[in-house]
Amino acid sequence: MSGEMQIQNVLAQMRALAQSGRVETVAPIAEVKEGRGMNDDFAAKLRDAIRDVNAIQQESTTLQTRFELGDKEVGLPQVMVAMNRASIAFEATNQVRNRLLSAYQEVMSMQV
């Protein structure tokens, strides 16, 4: 698969995530074949960051469910903080995606 096709695949997956409003799996990112050297580091860090956002969102959902079921160990402030943390993490990830997309479009529009 060429580099441009890989990027288009990742962009399509990111758009789908943005439309759904949540990250449910990170398997598509793991499918991106990594290069060597610096590309390995970038791909690994990107994959780890998305996994972290996913974990934060899952934790928030778990706390919400526990609170709704009447778990005495989970308070409303704890749930609200977790929800805000998940929201901020997703928004930050979305902004990184937007910046990467913008940089990609700028590079593609350059004349060689």
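Refer to the structure printed above.
Treat the numbers as computed from the prediction; the structure is a model and nothing was measured. Within any chain, residue numbers begin from 1 and follow the written order of that chain's sequence. Only residues with pLDDT of 70 or above have their local features reported here, since the model is predicted, and side-chain atom pairs are shown and tallied only from 80 upward, although totals for entire chains, interfaces and linings are computed over all residues. With hydrogens and water stripped out, all remaining heavy atoms of the structure feed into the side-chain values.

Q: Just checking my understanding: could you explain the pattern of salt bridges for this structure?
A: When a carboxyl oxygen of Asp or Glu is within 4 Å of a side-chain nitrogen of Lys or Arg, the pair counts as a salt bridge. Per the counting criterion, the structure on display carries 3 salt bridges. With a closest N to O distance of 3.6 Å, E59 and R85 form a salt bridge. Pair noted here: E59 is in helix α3 (residues 38-68) and R85 is in helix α4 (residues 76-109), with a separation of 26 residues, a long-range link. Type-normalised accessible area, obtained with a 1.4 Å probe on protein chains alone, sets the label of each residue: buried when under 20%, exposed when over 50%, and partly exposed for intermediate values. For E59, a relative accessible area of 39% gives the class partly exposed. The exposure class of R85 is partly exposed, given its relative accessible area of 45%. A salt bridge links R66 to D71; the shortest N-O distance between them is 2.7 Å. The structure contains a network of salt bridges with shared partners spanning R66, D71 and E73. Strands are runs of DSSP state E lasting at least two residues, helices are runs of H or I lasting at least four, and both sets are numbered from the N terminus onward.

Q: Quick question: what am I supposed to make of a nonpolar patch on the surface here?
A: Residues F67, L76, M80 and M83 make up a contiguous nonpolar surface patch of about 340 Å² in total accessible area. If you tally residues by element for the nonpolar patch, the top one is α4, at 3 residues. Mapping F67 onto the fold places it in helix α3. Within this analysis, patches are made of residues with over 30% relative accessible area and no salt bridge. Like charges are joined at 9 Å or less; nonpolar side chains (Val, Leu, Ile, Met, Phe, Trp, Tyr) at 5 Å or less. Residue-level accessible areas treat just the shown protein chains as cover; the underlying method is Shrake-Rupley with a 1.4 Å probe.

In short, shape yes, function no, at least from these values alone.
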